[in-house]
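# Coordinate inspection notes
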Amino acid sequence: MSVLQDLGLPTRFDLLEDDKEAVARVWRRFHAAVERDAEARADYEASVAAHGRFNTLKALESALSKRVEFGMADAVGVVDDSVRYFTEVFEEFRGAPHPQELLSWPWVRDTLHEAARTLGRASAPTFSAKGRELEEAVTAGRLEGVFAALLTKEQESRKFSDKLAGIDDVRTAQSLAQRLCGALHQHEAWLHHRRTARLARHLLVAYAALKREQGWVDMSDVERTAHVLLSDEVLAGWVQERLDLRVRHLLIDEFQDTNALQWQALHSWLASYAGAGGEGPKVFIVGDPKQSIYRFRRAEPQVFRAAQDFIARELQGDRLGCDHTHRNAPAVLAAVNTVMLAAEREGLYSGFRAHTTQSRHAGAVLALPPIPRPTKEAAQEEALAWRDSLTVPRELPEERLVTLECRQAAAWIAQQLRAGVRPGDVMVLARRRERLAAMEDELRALHIAAQQPEKTDLCEAPEVQDLAALLDVLVSPGHDLSLARVLRSPLFGCADDALVALALRARAAAAEGPPRAWYELLQQGEDLPGPLPGIARTLRQWQRWVQALPPHDALQAIYDHGDVLARFARQAPPPLRAGVLANLQALLGAALQVGGGRYLTPYAFVRALKAGGIRGPAIAAEGVVRLLTVHGAKGLEAGIVVMLDTDSAPARPESMGALCEWPGEAPSPWRFAFLASETRPPACNVDALAVEQAARLREELNALYVAMTRAERQLVISSVVPSGSGAMTWWQRLLPCATPLPAPQSATALNVADGAELRFTLRVVPGATEAASLEWLRPAAPPGNEASRLGEAMHRLLETWRPRAGVAPAQLREVERLFALDAVAAQQAAAMAQRIVEGEGSWAWDAAAVDWQANEVELLHQGELLRLDRLVRRRDTGEWWVLDYKSAAQPERQPELREQMRRYREAVAAAQDGAVVRSAFLTAQGRLVPA
């Protein structure tokens, strides 16, 4: 507990697996903290002025994503030293308060003036113009003008003729200008780093406070706590002693995905066994740095190498390597060897050894024709073409090219399926999930079952969207689009002519008067064609349930009444049926999870569904084409792998990011620097940034290696012709190893009945029966006859009575449900309550008459728990009054009731130190009867 408190973590917590909600909620708290702190506000305003609000937010997001590294670096003073002041890097400018002041230094001015005179004497007009420009900039003290005159936009020296008299003076001035430019960039980077670091500290304090309030602990907190427990001088021995009793053999798989903090926690434990011989646990780590592709999750492959060195050196371990596989066919593996060894020859990779295979399939590497880009003339002509924006959706050129690529790949897959290939033997890989969504649409158009097993957002499932649309239209009947989706969904399966009939009815109604919603027209359209009148009655009944019940109970009733699971299962392709049913069941569970299920309304539930972020079940269907990102496919395999989007260039240099240097053997980061732009880094971070960019390029090649090695027999690559030439792409590396394929013919939809199961069994819980009504959802009626339940209902209404507000409809519905009353009886209970409040005892609800009042007051008197209907104190006399509600006309004639009131008076008098206490019955006839 003390460790959690020292780390600022709650002692009672929920594990926050996805921090999106926490990140979204922290900004309001952060901005409030910045507003209160004058220095923080000045930093924020300066950052916004220099880089804009969006880029400032981006820089702070990078600090939040690397909060563990930032915190550990800041704790040892690394952050402030990670970007140095410009005079520490450019020592010839030592003593200058700002790079702009350097133009006032004599030797700097003289060097630049000499270059200006040399260029001004030149016969070439462009040279002499630059001389005048340089002279004006030096005179005005503008560094930017000096740079423009002597340097290009890339800060390279401008080309001046070598035959120019005095060209050496110009070259000297250009070198000086480059140093001045570097000093200015260094100073601006120093300012940005210091400002962002100070703001990041405020942000992390706000984030930690938010997590404490909500009782959240994220995975970074778990890692940090484990590190403290295993490295603390006091606690480590106690923890390690218990680990020794339980762990004799330690096996860690996928070690290349370990981050530096995780390794430091392990290192603190394992280092205690260094030199201890056979006393410690047997350690076995398995990893492959070539498959390290999760640096965006803070995984570092160099940690694996540090762990290797430690185990070999300190624990006398052995290193074993294996470059032989049973998965990949020789043709696929030959392409892997060719590509990776070529990258090693280029100096982009290291440590790769040629692989061998046990596979007996010959295999093949194939290339679909690249999708050509339209010519510039065709693109301009299309851009000028008129489009009816009301009926024709806008499609960007890049979106169209993606669609064409996916359509071609889907047509090729359809050919293979017709030739006897099973859908489960095909895997489609892409770098980004957006490509997979387009691919899924194209496969669905061909009636090919496909699934994205990585997709964990429940609201992305079509069946869940159908149910969300149902709740939406039941809560907001004016949403015509939601109703159209519900009518076309498996819930009702209406044909297009039914929707056309509704649309025409709505158009006619709008022509005659104010527009009317489809739902209203459906409810009043008994003459509508087909099943619409019956659907209207069903929706009306479901709407009553949604209005009267919590979302989970209403959904469960709709599931039972509408046989929802069976309807969707019947429409789903057999391989996807289990996933569809799991998503529908998960929707019921989500109704209990959102906000803990407390005070959740159907409207709020629909909003939560549309907002996303609700995790769906991870169901991997069998017998379908799998659509995966390269990261999601790691560890999987398939007979045929189709790689989309192989000709896109690697990611560009980042901006407003954070550079963290944390070698695997170091206990904390060596460097943590905020960089506004990686294309113009500060001079003191150039080498570290080069190491970081080399690691990114290696990870890009690792991703290619992972993608290629998923294929058992055939690897098929696909691409769109890039818009320009740049860095080497996957397509360019793989094309020399691939056999070109002809463009596949336009595919027709497959016959879904072929091999499909026409009948299936939908299993239910043993002993469960289908509910024909909502009676099973209602609470059991309280014991007693109708008269006693009527009295209890009256009491319930008086408990929640609000002066001058009367009885709300919601209160009537509540007592109907709780006390098994019909509408007439509920109205009778309300009338009884109103007569009590407005009768002879009305003063007990008058603020001018009483200065203290409470309902359902509990008192413990002589070991007996007493419950008083109402207790008030008169403002004029100071007397306490115990008031008891009675539906009977003459309660004073019942001795047991009078005795009960006597005990009430004694209990109140004892609680109020002998104060005067009086009591009375308030009857349903409006009488006040002293007791």
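Residues numbered from 1 in each chain as written. Predicted model: local features only at pLDDT ≥ 70, side-chain atom pairs only at ≥ 80, totals over all residues. Heavy atoms only, no water.

## Brief notes about the overall build of the protein
Secondary structure assignment for the protein yields 35 helices and 20 strands. For 931 residues, the compact-globule formula gives about 30 Å, and the C-alpha radius of gyration of the protein, at 38 Å, lies well above that figure. Summarising its shape, the C-alpha atoms of the protein cover approximately 125 × 80 × 75 Å along the three principal directions. Within the protein, the fraction of its 931 residues that count as buried is 46%. Considering only intrachain contacts with a sequence separation of at least 6, the fraction spanning at least 24 residues in the protein is 71%. Summed over its atoms, the accessible surface of the protein is roughly 48,300 Å², and 52% of this surface lies on carbon and sulfur atoms. Side-chain charges of the protein comprise 109 positive and 120 negative groups, with the mean position of each set lying 2 Å from the other. (Helix = DSSP H or I, 4+ residues; strand = E, 2+ residues; numbered from the N terminus. Rg over C-alpha atoms; globule rule 2.2 N^0.38 Å. Buried < 20%, exposed > 50% of the residue type's maximum accessible area, 1.4 Å probe, protein only. Contact = heavy atoms within 4.5 Å. Areas by Shrake-Rupley, 256 points an atom, 1.4 Å probe, with all protein chains shown as cover. Lys, Arg positive; Asp, Glu negative; His and termini not counted. Charge placed at Lys NZ, Arg CZ, Asp CG, Glu CD.)

## Considerations on the nonpolar core
Core analysis: the biggest nonpolar cluster contains 58 residues, and Leu467, Leu470, Phe492, Leu539, Tyr559, Leu587 and Phe605 have the highest contact counts within it. Take this core: its biggest share by element is eight residues, from helix α20 (residues 462–475). Aside from chain neighbours lying at most four places away, what touches Leu470 is Val486, Leu491, Leu539, Trp542 and Ile558. Formed by 53 residues, the second largest nonpolar core is a distinct cluster that contains Trp27, Phe30, Ala200 and Phe310. (Core = buried A, V, L, I, M, F, W, Y, C linked by side-chain atoms within 4.5 Å.)

## Here we look at the side chain of Ser919
Examined against the element boundaries, Ser919 turns out to sit in strand β19 (residues 917–923). Of note is the side chain of Ser919, whose polar atom sits 2.4 Å from the backbone oxygen of Ala931. Each residue touching Ser919, except ones within four places of it in the same chain, is listed here: Trp881, Val882, Met901, Arg905, Pro930 and Ala931. (Polar contact = N/O pair within 3.5 Å; in protein donor to acceptor, adjacent residues only side chain to side chain.)

## What to know about the pairing of strand β7 (residues 364–367)
When β7 meets strand β14 (residues 711–717), the two strands line up parallel, connected through four bridges. Opposite Ala364, over in β14, you have Gln714 as the bridge partner. In the sheet, β7 pairs with strand β15 (residues 739–740) via two bridges, with the strands oriented parallel. Note that in β15 the partner of Ala367 across the bridge is Pro740. (Pairing = 2+ DSSP bridges.)

## Details of unusual backbone geometry
Excluding glycine, residues mostly have negative phi values, and the peptide bonds linking residues are mostly trans. The phi dihedral of Gln316 falls on the positive side, at around 55°, and the residue is not glycine. A residue is classified by how much of its surface remains accessible, and Gln316, at 54% relative accessible area, is exposed. Even without glycine at this site, Asp913 takes up a positive phi of about 55°. Examined against the element boundaries, Asp913 turns out to sit in the loop between α35 (895–911) and β19.

## Observations regarding the pattern of salt bridges
Enumeration over the complete set of coordinates arrives at 56 salt bridges. Among the ionic pairs, Arg407 bridges to Glu442, the shortest N-O distance being 3.2 Å. Here Arg407 is found in helix α18 (residues 397–418), whereas its partner Glu442 is found in helix α19 (residues 433–445), with 35 residues between them in sequence. Note on Arg407: relative accessible area 43%, which makes it partly exposed. On the basis of relative accessible area, Glu442 is assigned to the buried category, the value being 14%. Within the structure, one salt-bridge network assembled from shared partners comprises Asp19, Arg67, Lys211, Asp218, Asp221 and Arg224. (Salt bridge = Lys/Arg side-chain N within 4 Å of Asp/Glu carboxyl O.)

## Here's the deal with the sheet that holds β14
Taken in spatial order, the seven strands make up an open sheet running β9-β10-β8-β11-β14-β7-β15, and their pairing is parallel. Two strands close off the open sheet at either side, each with one partner strand: β9 (450–451) and β15. Contacting β7 and β14, helix α16 (residues 330–345) runs over the sheet at an angle of about 70° to β7. (Axes fitted to C-alpha atoms, helices over the stretch in contact; angles between N-to-C directions.)

## Overview of the sheet that holds strand β18 (residues 880–886)
Within a beta sheet, neighbouring strands are joined by backbone hydrogen bonds and run either parallel or antiparallel to one another. Reading across the sheet, the five strands line up as β16-β17-β18-β19-β20 and stay open at both edges, with mixed pairing between neighbours. In this open sheet, the two strands that pair with only one neighbour each are β16 (850–861) and β20 (928–930). Going from strand to strand, the sheet's axes swing by 35° on average, the running direction of each strand aside. Pairing of β16 with strand β17 (residues 864–874) involves ten bridges; the strand directions are antiparallel. Of the residues in β17, the one forming a bridge with Trp852 is Arg873.

## So, α19
Taking 1.5 Å of rise per residue, the 13 residues of α19 would be expected to cover 18 Å, and the 19 Å separating its terminal C-alpha atoms lies within 8% of that figure. Within the span of α19, buried status applies to Arg435, Leu436, Ala438, Met439, Glu440, Glu442 and Leu443. Just past α19, the residue His447 takes up positive phi, approximately 60°. (Expected span 1.5 Å × (residues − 1).)

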